[in-house]
Amino acid sequence: MSANWTLGRELSELRARLAGALREADQRWSLAGAARPVAVPALDFSETAEAFVVRVDVPGVPKGELDIAVQEGVLEITGRVPDRDAAGRELLRSERLRGAFRRAVPLPREADLANAKASLADGVLTVLIPRRLPGGRRSVEIE
Amino acid sequence: MNGNGTSGSEMGEGQLARVRNGVDWLPPADIAETPSGFEVTLEICGVSRGAIEVHAEESRVTVSGERPGAVEGEVCHYRERRVGSFRRSFAFRAPIDSDGIRAALTDGVLSLTIPKRTPTRVSVEGGQ
């Protein structure tokens, strides 16, 4: 494992921790009932030997409210949290996601976006993008 | 007390570390009041029913559990989703019926229906 790799990983972990802390601070001090204009569902990006994995927390969002698109090497996830305002209820505290959201993930060149697969379980959307086999390189036989 | 009728050990002012009260993360929650009770919904994605514990005592309801972290064979490059132990505690301004609490987990949302305790009426005997 090279020094660059370790540094890159530490930076990405630091960045993620900062993002988490900021989001948490936002939750703590947001006014009750105040609607946030844009929802930002939390996202993880990982890879295995065979694939890239994008996971997004989409609590309370049914399959029908999610849209996954692929364009020019970018995976785009859009969706909407269904309205849950009901008459006869007084909202005392509001921290949960509401409204429409969009997340976009630029993927490495070797991501085989045409064969991406998505699944939704327990409020977690998982998109699996297989790694293209090193098929760009092919040996040519001399006849 | 935060002026919204709810309070909890983790809801005070101050440092996040203190606020977190020894757990890794706090699931976001909505709290609503109806004439008959309170409705609390928490975002707890990727956690099975069995890994969530709901505890009620007096006028306080506590939700705790553990969200699994890393997946074997995966290298994570970018992480925003919170994992590890979580706990949230809610205290209500009206007395609650802790035996009547119902909990359901759907699409990563835990919904708690917490009825208010109906005051018992005691008729006064004697007199005229």
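Parameters and conventions
Residues numbered from 1 in each chain as written. Chains lettered and ligands numbered in written order. Predicted model: local features only at pLDDT ≥ 70, side-chain atom pairs only at ≥ 80, totals over all residues. Helix = DSSP H or I, 4+ residues; strand = E, 2+ residues; numbered from the N terminus. Buried ≥ 20, exposed ≤ 12 C-beta atoms within 10 Å, placed from the backbone. Contact = placed C-beta atoms within 7 Å. Nonpolar A, V, L, I, M, F, W, Y, C, P; charged D, E, K, R; others polar. Pairing = 2+ DSSP bridges. Axes fitted to C-alpha atoms, helices over the stretch in contact; angles between N-to-C directions. pLDDT = per-residue confidence, 0-100.

**Re the overall build of chain A**
- Per the secondary structure count, chain A includes one helix and eight strands.
- When each of the 143 residues of chain A is scored for burial, the buried share is 22%.

**Observations regarding the environment of G100(B)**
Residue and element names in this part refer to chain B.
- Assignment of secondary structure puts G100 in the loop between β7 (84–92) and β8 (102–106).
- G100 sits in the partly exposed class, given 13 other C-beta atoms within 10 Å.
- Between the C-alpha atom of G100 and that of V63, which follows or precedes it by 37 residues, the distance is 16 Å.

**A word on the interface of chain A and chain B**
- Between chain A and chain B, the residue contacts involve 37 residues of the former and 32 residues of the latter.
- For the side of chain A that touches chain B, the secondary structure elements donating two or more residues are α1 (3–29), β1 (43–47), β2 (51–57) and β5 (90–94) of chain A.
- Among the elements that line the side of chain A that touches chain B, the one with the most residues is α1(A), at ten residues.
- The residue makeup of the side of chain A that touches chain B, split by class, is 15 nonpolar, nine polar and 13 charged.
- Here β5(A) runs beside strand β2 (residues 29–33) of chain B; their pairing, made up of four bridges, is antiparallel. Opposite E90(A), over in β2(B), you have E33(B) as the bridge partner.

**A look at the sheet that holds strand β3 (residues 37–43) of chain B**
- Strands sit in the order β5(A)-β2(B)-β3(B)-β9(B)-β8(B) across an open sheet of five strands; the sheet is antiparallel. Across the chains shown, the open sheet's two edge strands, defined by having one partner strand only, are β5 of chain A together with β8 of chain B. Averaged over all pairs of adjacent strands, the angle between strand axes in this sheet comes to 15°, irrespective of strand direction.

**Brief notes about the environment of L97(A)**
All names here are of chain A.
- For L97, the location among the structural elements is in the loop between β5 and β6 (99–106).
- We classify L97 as buried; it has 22 C-beta atoms within 10 Å.
- For the pair L97 and V81, spaced 16 residues apart in sequence, the C-alpha to C-alpha distance is 7.0 Å.
- In this view, L97 contacts A39, P41, P59 and V81; residues no more than four positions away in its chain are not counted.

**Let's talk about the pairing of β1(A)**
All names here are of chain A.
- Alignment of β1 against β2, held across five bridges, turns out to be antiparallel. For E47, the partnering residue across the bridge sits in β2 and is F52.
- Hairpin remark: β1 followed by β2, antiparallel, with three residues in the connecting loop.

**A short note on the sheet that holds strand β4 (residues 74–81) of chain A**
Residues and elements named next belong to chain A.
- Taken in spatial order, the three strands line up as β3-β4-β6 in an open sheet, and their pairing is antiparallel. Of all the strands in the sheet, the pair left with one neighbour each is β3 (66–71) and β6. Within this sheet the neighbouring strands show an average axis-to-axis angle of 15°, counted without direction.
- Here eight bridges tie β4 to β6, and the two strands are oriented antiparallel to one another. Directly across from L75, in β6, lies its bridge partner V105.

**Remarks on unusual backbone geometry**
Residue and element names in this part refer to chain A.
- Positive phi outside glycine occurs at E72, with the angle close to 45°.
- You can see E72 is positioned in the loop between β3 and β4.
- For D122, which is not glycine, the phi dihedral falls at a positive 50°.
- Mapped onto the elements of the fold, D122 is located in the loop between β7 (117–121) and β8 (124–130).
- We classify D122 as partly exposed; it has 17 C-beta atoms within 10 Å.

**Structural notes on the confidence of the model for chain B**
All names here are of chain B.
- On average, residues of chain B score 85 in pLDDT, and 84% of them are at 70 or above.
- Scored below 50 in pLDDT, residues 1–14 shows 30 contacts in the model against residues more than four places distant or in partner chains.
- Across the assembled chains, the prediction reports ipTM 0.78 with pTM 0.74.

**Re the confidence of the model for chain A**
- Here chain A averages 83 in pLDDT, and 82% of its residues register 70 or above.
- Here residues 30–37 of chain A scores under 50 on pLDDT; set against residues more than four positions off or in separate chains, the count is twelve contacts.

**Some words on the environment of A39(A)**
Residues and elements named next belong to chain A.
- Along the chain, the position of A39 falls in the loop between α1 and β1.
- Judged by the 19 C-beta atoms lying within 10 Å of it, A39 is partly exposed.
- Linking A39 and R96, residues 57 residues apart in sequence, is a C-alpha distance of 9.0 Å.
- Not counting the four nearest positions on each side in its chain, A39 is found in contact with V81, L97, R98, G99, A100 and F101.

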